[in-house]
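Residues per chain, in single letters:
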There are 2 protein chains.
Amino acid sequence: MSADDVVALQPINTLVVIGLGLIGGSLALSLKSAGACKRVVGIAPDPLVRQRAIERGMVDESYASIGDVAAQLGEGDVVFIAVPTLAIREVLESVKGCVPATVTVTDGASVKGSVLEDVKAVYGKVPEQLVLGHPIAGSEQSGVEAARVGLYANHRIILTPTEETSDQHKDRVADMWRAVGAEVLELDVENHDAILGATSHLPHVIAFSLVDTLAHDSHNEDIFRYAAGGFRDFTRIASSDVVMWRDIMLANRDAVLEAIDLFSSNLAVLRKTIAESDSDELTEIFSRAKQARDQFTHVMDKQKS
Amino acid sequence: MSADDVVALQPINTLVVIGLGLIGGSLALSLKSAGACKRVVGIAPDPLVRQRAIERGMVDESYASIGDVAAQLGEGDVVFIAVPTLAIREVLESVKGCVPATVTVTDGASVKGSVLEDVKAVYGKVPEQLVLGHPIAGSEQSGVEAARVGLYANHRIILTPTEETSDQHKDRVADMWRAVGAEVLELDVENHDAILGATSHLPHVIAFSLVDTLAHDSHNEDIFRYAAGGFRDFTRIASSDVVMWRDIMLANRDAVLEAIDLFSSNLAVLRKTIAESDSDELTEIFSRAKQARDQFTHVMDKQKS
């Protein structure tokens, strides 16, 4: 067993969560619940959010700025940045100005390419303490009240370390996520953004667009009145946090556009099939999709059991 | 109280369900459970389906063809046609050949315009005994095993009577649905097909198309591995019955194409907004969609309570 492994298996001394919304707040609550963290500090500019985080037992202390607590941090401590993607650069600037190089720094943003660019712009390089990550978990709920223990249990965390990232810091972040019941995987930044662009960002684009389309349909008054449960599930993600998703689309723009284009051309083929009343081809397309989706469900169910 | 009202409040004598899948089987089970029907007869060509329907207590008797039981039917009896949309014409032909004009005949197809055309083609007119209807309830599950008591509770049933439909038969069908806990509404055939084309058929087109797109993406091996719960909800309807949905798309082709075109042009606008990194406009579109979807959820929750 190497010295790195010994460090990695230690509980976190102090966890600092910057951003006390669904993602950051749920990690704080889950780590405290698991007893995997000696002290949790919350950072949020809004005093009401800080107060609720204390009241909910989410954090032990809270401050307006990372600068208020950074001098107390050292090896064994973790800073988790959980703010909307396009707010990360500003947070990184304040972190760089005060957080010691021995502290592990990670994030939860849904796009990794833009954050990596932010890191390079702010630090002039990728510091070995920085471990970019993305928990594949969430909800259409958001904010400090939506945070909950268990959000990450049986969910996947994708870490996207670069060659500069030290194993010690990476292992600490991986252990942190495993402590809250998550499975940790690794991808390179580019693959992460392409895959999530297709499986997560594209569905959100479609859901927002569909609901917006229907809300402005000429049958507007009636349109939602006659919708069923399937529609409710299908559009759930259109109730997601606007700023978070706006940032994701802008930060992962190229991959999102590519995914939209691929989908649009596939939809055009399906449209043509319907227009031509091509029953055999329609059966073929629907069967392929049903098979793929059933297979996906099967894989997800196996993960959970 | 008119004579019609008295008739309408009587329980159904014999209910004949043609098609013992999710829709037909669930009505049979729910009516039996509610004690709102003296006798339930199931019609299905497959002997194994008939056997399971008997075993599940869904029907009292079962036959391969409506001709086997039609001579026993009269006023106070209801025939419910619950087969895929494009199979309805053939069923109507057999119904016309043997079911007395005093029997109430209704259906559960998701498209009403095509069924009305079938009725006119088969009968040469719209007989007063025919009450077209559509329960806005379903599941991605299908078949005799998926049928269940309670599928229609707190769901809406849209009846689309024409001027030829008699009030007596319409009231009997409405009472039948109310007996299983459903709310009964009326729409004309054209509005029904336009509205359902947008709120139900279009989302299914999109879901099938999205899953098919992703299953053939170059990242195929990984693509579903990194998908989250939101994706699962979003694509649930792509696991729906292939034949049922193929028929719906073909039967409601024009309305579905119109809905696809409206959605595609809206998606193109959203794509342009992302391509131009227009943060304000993106916020505006997402906010509008979130507001509409939250409002829809609010309305649905009120219905259920």
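Please refer to the structure higher up on the page.
Notes on the structure in this doc start here. (Residues numbered from 1 in each chain as written. Chains lettered and ligands numbered in written order. Predicted model: local features only at pLDDT ≥ 70, side-chain atom pairs only at ≥ 80, totals over all residues. Heavy atoms only, no water.)

We now examine helix 7 (residues 189-215) of chain A. All names here are of chain A. Spanning 27 residues, helix 7 covers 36 Å between terminal C-alpha atoms, matching the ideal 39 Å at 1.5 Å per step. The largest bend along helix 7 reaches roughly 50° and is located at Gly197. The element helix 7 is largely enclosed, with a buried count of 24 among its 27 residues. At the N-terminal boundary of helix 7, the capping side chain belongs to Asp188, with an oxygen 3.2 Å from the backbone nitrogen of Glu190. (Helix = DSSP H or I, 4+ residues; strand = E, 2+ residues; numbered from the N terminus. Expected span 1.5 Å × (residues − 1). Bend = angle between axes of the 7 residues up to and from the residue. Buried < 20%, exposed > 50% of the residue type's maximum accessible area, 1.4 Å probe, protein only. Polar contact = N/O pair within 3.5 Å; in protein donor to acceptor, adjacent residues only side chain to side chain.)

Our next topic: the side chain of A:Ser114. Residues and elements named next belong to chain A. Mapped onto the elements of the fold, Ser114 is located in helix 5 (residues 113-123). The exposure class of Ser114 is buried, given its relative accessible area of 12%. When near neighbours in sequence (up to four residues on either side) are disregarded, Ser114 contacts Thr85 and Ala251. (Contact = heavy atoms within 4.5 Å.)

A few words now on the relation of the copies chain A and chain B. Structural alignment of chain A on chain B gives an RMSD of 0.0 Å, achieved by rotating through 180° and translating 0.0 Å along the axis. The superposition of one copy onto the other is thereby described by a two-fold rotation axis. It is A:Phe234 whose C-alpha, among those of chain A, lies nearest the rotation axis, at 2.1 Å. Of the residues that chain A buries at the interface, 100% are likewise interface residues in chain B, meaning the two copies contact each other through the same surface. (Least-squares fit on C-alpha atoms with pLDDT ≥ 70 in both.)

Turning next to the packing of helix 7 of chain A against helix 11 (residues 253-275) of chain A. Residue and element names in this part refer to chain A. Where helix 7 contacts helix 11, the two axes come as close as 8 Å, and the packing angle between them is 65°. Classified by the interaxial angle, the pair formed by helix 7 and helix 11 is roughly perpendicular. Judged by the sense of rotation from one axis to the other, the crossing of helix 7 with helix 11 is right-handed. Packed against helix 7, whose contacting residues are Asp193, Ala194, Gly197, Ala198, His201, Leu202, Val205 and Ile206, the element helix 11 presents Ala255, Val256, Ala259, Ile260 and Phe263 at the interface. Residue classes in the contact of helix 7 with helix 11 are distributed as 10 nonpolar, two polar and one charged. (Axes fitted to C-alpha atoms, helices over the stretch in contact; angles between N-to-C directions. Parallel < 35°, antiparallel > 145°, perpendicular 65-115°, else oblique. Left-handed = near helix turned anticlockwise from the far one by under 90°. Nonpolar A, V, L, I, M, F, W, Y, C, P; charged D, E, K, R; others polar.)

Once that is clear, we can look at the sheet that holds strand 7 (residues 133-136) of chain B. Residues and elements named next belong to chain B. With mixed pairing, three strands are arranged side by side in an open sheet as 7-8-9. Here the strands that pair on one side only, and so sit at the sheet edges, are strand 7 and strand 9 (183-186). Neighbouring strand axes in the sheet, compared pairwise and without regard to direction, differ in orientation by 25° on average. Bridging between strand 7 and strand 8 (residues 156-159) involves four bridges; their strand directions are antiparallel. In the strand pairing of strand 8, Gly133 is matched with Leu159. (Pairing = 2+ DSSP bridges.)

Keep in mind that these numbers describe shape and distance, not what the molecule does.
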